[in-house]
Amino acid sequence: VRHDEWYNRLPGKHSQRARSRSTQMTYNSHGRGSGWVGEVYVDVQVRTIAPGRYTSKFQVRASTKTLPFFADDGHMTLLEDGTLQVQYPSHGIREYWRRADGRGAQILQRALEQRLPRTREQSRSIKLVFRRFGHSTMPSFGLLWHWGLSIDHSIYEVNGAMAVMGPNGIVAASTPFLKPLHTNLQQFHGYLDLPQITTKTDEEIEQFSCRWVKQHPMYKVLGPNCQTYTDDLFRFLTGEDLPFAKAADKMVGPGGEGVSGPEVDPSAVWLDPSKKQ
């Protein structure tokens, strides 16, 4: 569906693939899917992180028309009308799918109703914290920013290799060769208070982070990276999408059109004003 909005930075007009009669994916109950996207055969693995929110990765099978390649920074969102929005920022991919039985909206509603109720007394505030790479005189164009999330006073971020750091040091890592880092707000150049709240505990966040690193063992410049983790963690905490464009959205796809980073938000608080662009 929404064929004209399909996009892919790789060769081939993606909107034509959207209209192809061969374009169809089949998924099993474990989140494994496979099928054709035009002339490309794809294997997909999807995992739920919140009602209607999923992380995903794909592998393109080699053929006479395609070379094998993969991406593991994907996220899928089940929209209110039952449409599944699929995005892989590292490859500039954006697609829109609809179930053959038309039950997407019903599935989303059921998932939302099954959420466990929690009291407001358990709610925690959320800040998007950020740090600039490079010199402050060099234009960043929204690209050279490191992200993390602060939940009350506990900050979680991807730091160094593919490792998540928290207030007590290493939470999860794909390599043992790391120096522990205890996160704190003063390590960042600024932050933005977000209106959403969460009832997730630090223990639940650490469990999520361990699963996330296992699913994303390799750090990549265009993703998965610190911004991918922050975006996915926010979805886990709130069931919503962060309203900011990641670096990959701006570099290789249309995802950054009309959307800026948190550093240009007028409500941003600067701990080091010299880093403000």
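### Comments concerning the overall build of the protein
A count of helices and strands for the protein gives five helices and 14 strands. By its C-alpha atoms, the protein is 55 × 45 × 40 Å across when sized along the principal axes. Buried positions account for 49% of the 277 residues belonging to the protein. Long-range pairs, those at least 24 residues apart, make up 52% of the contacts in the protein with a sequence separation of at least 6. A total of about 14,300 Å² of accessible surface is found on the protein, and carbon and sulfur atoms cover 52% of it. Across the protein, 34 positive and 28 negative side-chain charges occur, with their mean positions spaced 5 Å apart.

### Describing the pattern of salt bridges
Taken as a whole, this structure holds 17 salt bridges when the rule is applied. A salt bridge links aspartate 152 to arginine 124, with the nearest nitrogen and oxygen atoms 3.4 Å apart. In this pair, aspartate 152 sits in the loop between β9 (145-151) and β10 (154-158) while arginine 124 sits in strand β8 (residues 124-132), placing the two residues 28 residues apart along the sequence. Judged by relative accessible area, aspartate 152 falls into the partly exposed class, the value being 29%. Taking relative accessible area as the criterion, arginine 124 reaches 11% and is therefore assigned buried. A salt bridge links lysine 246 to aspartate 231, with the shortest nitrogen-to-oxygen separation between them at 2.8 Å. In this pair, lysine 246 is assigned in the loop between α4 (226-238) and α5 (247-252) and aspartate 231 in helix α4, connecting sequence segments 15 residues apart. Within the structure, one salt-bridge network assembled from shared partners comprises Arg53, Asp231, Asp232, Arg235, Asp241 and Lys246.

### Notes on the nonpolar core
Ranked by internal contacts, the top residues of the largest apolar core, which has 30 residues, are Leu149, Leu194, Tyr229, Leu233 and Leu237. Broken down by element, the residue count for this core peaks at six residues, all from α4. What leucine 149 contacts, discounting residues up to four positions off in sequence, is Ile126, Lys127, Leu128, Val129, Ser154, Ile155, Tyr156, Leu194, Thr230, Leu233, Phe234 and Leu237. If you look at the next biggest cluster of nonpolar residues, it comprises 21 residues, including Trp6, Tyr54, Val60 and Tyr88.

### Considering the sheet that holds β9
Across the sheet, seven strands lie side by side as β12-β11-β10-β9-β8-β13-β14; this open sheet has antiparallel pairing. Where the open sheet ends on each side, the last strands, each with one partner, are β12 (169-173) and β14 (269-270). Bridge analysis of strand β11 (residues 163-166) against β12 gives four bridges, and the strand direction is antiparallel. Bridged to glycine 166 within β12 is glycine 169. Contacts from helix α3 (residues 202-215) reach β8, β9, β10, β11 and β12, with the element oriented near 40 degrees to β12. Packing of α4 onto the sheet brings it into contact with β8, β9, β10, β11 and β13 (190-198), and relative to β9 it is tilted by some 25 degrees.

### Quick word on unusual backbone geometry
Leaving glycine aside, a negative phi is the common case for residues, and trans is the common case for peptide bonds. The omega angle of the peptide bond from glycine 223 to proline 224 is 5 degrees, so this bond is cis rather than trans. Its location among the elements puts proline 224 in the loop between α3 and α4. Not every positive phi belongs to a glycine, and arginine 2 is a case in point at roughly 50 degrees. Tracing the sequence through the fold places arginine 2 in the segment before α1 (14-19). Judged by its relative accessible area of 35%, arginine 2 is partly exposed. Positive phi is not limited to glycine here, since aspartate 152 has a value of about 55 degrees.

Reading the values: the criteria
- Residues numbered from 1 in each chain as written.
- Predicted model: local features only at pLDDT ≥ 70, side-chain atom pairs only at ≥ 80, totals over all residues.
- Heavy atoms only, no water.
- Helix = DSSP H or I, 4+ residues; strand = E, 2+ residues; numbered from the N terminus.
- Buried < 20%, exposed > 50% of the residue type's maximum accessible area, 1.4 Å probe, protein only.
- Contact = heavy atoms within 4.5 Å.
- Areas by Shrake-Rupley, 256 points an atom, 1.4 Å probe, with all protein chains shown as cover.
- Lys, Arg positive; Asp, Glu negative; His and termini not counted.
- Charge placed at Lys NZ, Arg CZ, Asp CG, Glu CD.
- Salt bridge = Lys/Arg side-chain N within 4 Å of Asp/Glu carboxyl O.
- Core = buried A, V, L, I, M, F, W, Y, C linked by side-chain atoms within 4.5 Å.
- Pairing = 2+ DSSP bridges.
- Axes fitted to C-alpha atoms, helices over the stretch in contact; angles between N-to-C directions.

Remember, this is a structural readout, not a statement about activity or role.
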